[in-house]
Amino acid sequence: MENKRLNGKAGILTGALVGAMLTAALIAIFYLAWKLVGLPFVAFDVFDWISRKLPGSIITFGIDMMVRVIRALNLGATAEAAKTAEQTMAVAGMFITGVITGAIVFAVARAWRRGWAILLGLIAGAVVGIPALLISRSAGQTAVTGPWLSAVWILGAFLVWGVALGRAYYGLSADDASVTRLNRRQFLLKLGGATAFITVAGAVVGNLAAGRRGREAEGELWSASHALPNANAALTPAPGTRPEFTPLKDHYRIDINTIPPAVNEADWRLRISGLVESPLALTLDDLRNKYPPLNQFITLACISNPVGGDLIGTQRWTGVSLQRLLPDLGLRPEATHLKLSSVDGFFEIVPLETIRADERVMLTYAWDGVPLLAKHGFPLRIYIPNVYGMKQPKWIASIEATDHWEPGYWVERGWNREAQMKATSVIDTVAVNMMIVQANERTLIPVGGIAHAGARGVSKVEVQVDGGEWREARLREPLSGLTWVVWRYDWPFQPGRHTFTVRCYDGNGALQIAEESPPHPNGASGLNSKSIML
Ligand SMILES: Nc1nc2c(c(=O)[nH]1)N[C@H]1C(S)=C(S)[C@@H](COP(=O)(O)O)O[C@H]1N2
Ligand SMILES: [Mo]
């Protein structure tokens, strides 16, 4: 049976199989070249481009689903798991495209003379490679190499891949019925062995090289040698409460990029244009050296953060107050807004009114005393008090003075125009192993967490046990008026099953919204509860 003669032409399924093998190898080679020398990684570039083009409703649905699945399956830090999922989807998308292309090439080749298969493969390589090249060039974040080298690399790699597809068809087919199952199996085994080797080698070597890339914190972290401003606060957090100051490495990351844009400080300028007397280009040193640094402890939250979620963090931000910078921009009297645009195509419009009314609006260049990490927006990001992260561009490249408001990136995609941070409170811990036995023999169990209401601050936190009375918790003096507040409630222990619920009041005395709503489009609301069996 092994030597049974076949119809001379390889079929569509064989094409899909060959496409799978060759595309896996192609992805691995792109990966390796990206990690070793910074050539573009097309899979991520194309994925990012598509995610910017898709309608906001689809993207929002996708993000929502992802956050839910990650939390339901307990996949760890939401932001990190989401990025991993996006990267996986990007690679899978490229792989599937390759499989389909393989099937199509074989289908078409069957209708042609065998000798033309290689030409056909070349055409297929161009058909896939040219759009990939153009997309990577216009929207890609992965390349460190120059545009021409990147373009030649992408096109060349796809052409070779296409030729290999055509060559495989050629090797697997005959113009007559002389090809046997054994010939074909041997050919496929050889091809499989070669592509598997390339795939594994590319992935392994690329991964080893990966450690050397990516921007690490430069210099000593401020927090390594300084006490926090509230170090002497009277209240100690309940054991198990999250760190009040989020370690730099643990701060969540959310943005529209599969991998963070890498900006080279030497080439970077903050370009200021539009309704100004004359355009300006500021270096990072201009911002750092010509203006007094403003240091602010700030809690940033993502509008996609569910109640009790981990897309929230507190850091020490350093930068230049925009109010301080404004007179030096030479704004024309007609100017009413600033449009901030980022290297990744993200943008936001800030009314000059907001800046003139609030000196805390800040162009930020450092977190925890070191230049922003690439993932947090190096070299420059803005801080605007009281609004969710979706209105606060990282990787700012330019500021254009205009005379009108426009919707920003996420407002255009259906999210709330103001995106004001809602008050929220979270139970981090019911510290059952930390009972406190008092002199009167009463036993207390520390319960604690955080409460946050943007720049409005938190005036009161209350805890309810099993639907009973709301009891006031104690508040720790916060790091600043712009951060969350750590609260603690020492609960008189009773055995059994208990449910704890928390709520807070913002600095104006407004109670947080108890009604549950999902993050989209206004930010999540609802009360956080924890049940425990004692
Ligand atoms: N250029 C740019 N800036 C951006 C974004 C982005 O996608 N691109 N995402 C915003 C969103 S939605 C959030 S929540 C914050 C998150 O900042 P972080 O990743 O440093 O925590 O960045 C904001 N700034
Ligand atoms: Mo966000």
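Residues numbered from 1 in each chain as written. Chains lettered and ligands numbered in written order. Predicted model: local features only at pLDDT ≥ 70, side-chain atom pairs only at ≥ 80, totals over all residues. Heavy atoms only, no water.

Draft legend 1. Layout of the pattern of salt bridges. The final tally for this structure, using the stated rule, is 21 salt bridges. Among the ionic pairs, arginine 68 bridges to aspartate 64, the shortest N-O distance being 3.0 Å. Of this pair, arginine 68 and aspartate 64 both sit in helix H3 (residues 56–72), four residues apart, which is roughly one turn of the helix. With a relative accessible area of 51%, arginine 68 lands in the exposed category. Here lysine 249 makes a salt bridge to aspartate 250, at a shortest N to O gap of 3.4 Å. Taking the relative accessible area as the measure of exposure, aspartate 250 reaches 46% and is therefore partly exposed. Here the salt bridges do not stand alone but share partners, grouping Lys83, Glu86, Arg253, Asp255 and Lys394 into one network. (Salt bridge = Lys/Arg side-chain N within 4 Å of Asp/Glu carboxyl O. Helix = DSSP H or I, 4+ residues; strand = E, 2+ residues; numbered from the N terminus. Buried < 20%, exposed > 50% of the residue type's maximum accessible area, 1.4 Å probe, protein only.)

Draft legend 2. Quick peek at the sheet that holds strand S14 (residues 458–465). Taken in spatial order, the four strands make up an open sheet running S15-S14-S18-S19, and their pairing is antiparallel. Since the sheet does not close on itself, it has two edges, and those belong to strand S15 (470–472) and strand S19 (528–533), each with one partner. Mean inter-strand twist for the sheet, computed between neighbouring axes without regard to direction, equals 30°. With six bridges joining them, strand S18 (residues 497–506) and S19 adopt antiparallel strand pairing. Across the sheet, residue threonine 501 finds its bridge partner in S19, namely serine 529. (Pairing = 2+ DSSP bridges. Axes fitted to C-alpha atoms, helices over the stretch in contact; angles between N-to-C directions.)

Draft legend 3. Representation of the layout of surface pockets. In this model, the second largest pocket occupies a volume close to 830 Å³. Lining the second largest pocket are 42 residues; nearest its centre among them are Ile63, Glu86, Asp255, Ile256 and Trp410. Elements represented by at least two residues in the lining of the second largest pocket include exactly helix H2 (42–53), H3, helix H4 (78–111) and helix H12 (409–412). A breakdown of the residues in the lining of the second largest pocket according to their chemical character gives 26 nonpolar, eight polar and eight charged. (1 Å grid on protein atoms, 1.4 Å probe; cavity = no way out; pocket = protein on both sides within 12 Å on 5 of 7 lines; lining within 4 Å. Points joined across faces, edges and corners; volume = space filled by probe spheres on them. Nonpolar A, V, L, I, M, F, W, Y, C, P; charged D, E, K, R; others polar.)

Draft legend 4. Up close: the pairing of strand S3 (residues 294–301). Most of S3 is tucked away, with six of its eight residues classed as buried. Examined bridge by bridge, S3 and strand S4 (residues 312–321) share eight bridges and lie antiparallel to one another. Bridge assignment links threonine 299 to a residue of S4, and that residue is threonine 314.

Draft legend 5. Focus on the packing of helix H5 (residues 117–139) against helix H6 (residues 147–172). Where H5 contacts H6, the axes come no closer than 7 Å and their chain directions differ by 155°. As judged from the angle between their axes, H5 and H6 are roughly antiparallel. The element H5 and its partner H6 pack so that their crossing is right-handed. Per-class residue counts for the contact of H5 with H6 are 19 nonpolar, six polar and two charged. (Parallel < 35°, antiparallel > 145°, perpendicular 65-115°, else oblique. Left-handed = near helix turned anticlockwise from the far one by under 90°.)

Draft legend 6. Structural view of the nonpolar core. Membership of the largest hydrophobic core comes to 51 residues, with the highest contact counts inside it found for Leu270, Leu287, Leu325, Leu331, Leu338, Leu363 and Ile382. The biggest single contributor to this core is strand S7 (residues 362–367), with five residues. Non-local contacts of isoleucine 382, meaning those with residues more than four positions away in its chain, are made with Trp317, Leu322, Leu340, Val350, Val361, Met362, Leu363, Thr364, Gln392, Pro393 and Ile396. Listed in part, the 36 residues of the second largest apolar core include Leu26, Ala117, Leu120 and Tyr169. (Core = buried A, V, L, I, M, F, W, Y, C linked by side-chain atoms within 4.5 Å. Contact = heavy atoms within 4.5 Å.)

Draft legend 7. Expanded view of the site of ligand 1. Around ligand 1, a shell composed of 20 residues is seen, among which Tyr252, Asp344, His376, Arg381 and Lys394 lie nearest. Within the backbone of isoleucine 254, one N or O atom sits 3.0 Å away from an oxygen atom of ligand 1. The separation between an oxygen atom of ligand 1 and a polar main-chain atom of isoleucine 256 is 2.8 Å. Surface burial for ligand 1 is 98%, taken as the share of its 530 Å² of free accessible area covered by protein chains. At a threshold of 2 Å from the grid points, most atoms of ligand 1 map onto the second largest pocket. (Near = heavy atom within 4 Å. Polar contact = N/O pair within 3.5 Å; in protein donor to acceptor, adjacent residues only side chain to side chain. Areas by Shrake-Rupley, 256 points an atom, 1.4 Å probe, with all protein chains shown as cover. Sits in = over half its atoms within 2 Å of the grid points.)

Draft legend 8. Quick look at the sheet that holds strand S2 (residues 280–282). The five strands lie next to each other as S2-S1-S10-S5-S6, forming an open sheet whose pairing is mixed. Strands at the two margins of the open sheet, each flanked by one partner only, are S2 and strand S6 (347–351). Across the sheet, the mean angle from the axis of one strand to that of its neighbour is 20°, orientation sign disregarded. Pairing between strand S1 (residues 270–274) and S2: three bridges, direction antiparallel. Bridge pairing in S2 places arginine 271 opposite alanine 281.

Draft legend 9. Local environment of the side chain of glutamate 462. In this structure, glutamate 462 sits in strand S14. Given the relative accessible area of 8%, glutamate 462 is considered buried. Separated by 2.7 Å, the side chains of glutamate 462 and arginine 503 make a polar contact. Within the structure, the side chain of glutamate 462 is placed 3.1 Å from the side chain of tyrosine 505, a separation counted as a polar contact. Discounting chain neighbours no more than four positions away, the residues touching glutamate 462 are Trp470, Arg471, Glu472, Ala473, Thr501, Val502, Arg503 and Tyr505.

Draft legend 10. Spotlight on the packing of helix H1 (residues 12–37) against helix H7 (residues 181–210). Two elements in contact, H1 and H7, have axes whose closest approach is 8 Å; the angle formed by their N-to-C orientations is 25°. Classed by the angle they form, the pair H1 and H7 counts as roughly parallel. The handedness of the crossing between H1 and H7 is left-handed. Split into classes, the residues belonging to the contact of H1 with H7 amount to 18 nonpolar, seven polar and one charged.

Everything listed here is a matter of coordinates, which is why it stays silent on function.
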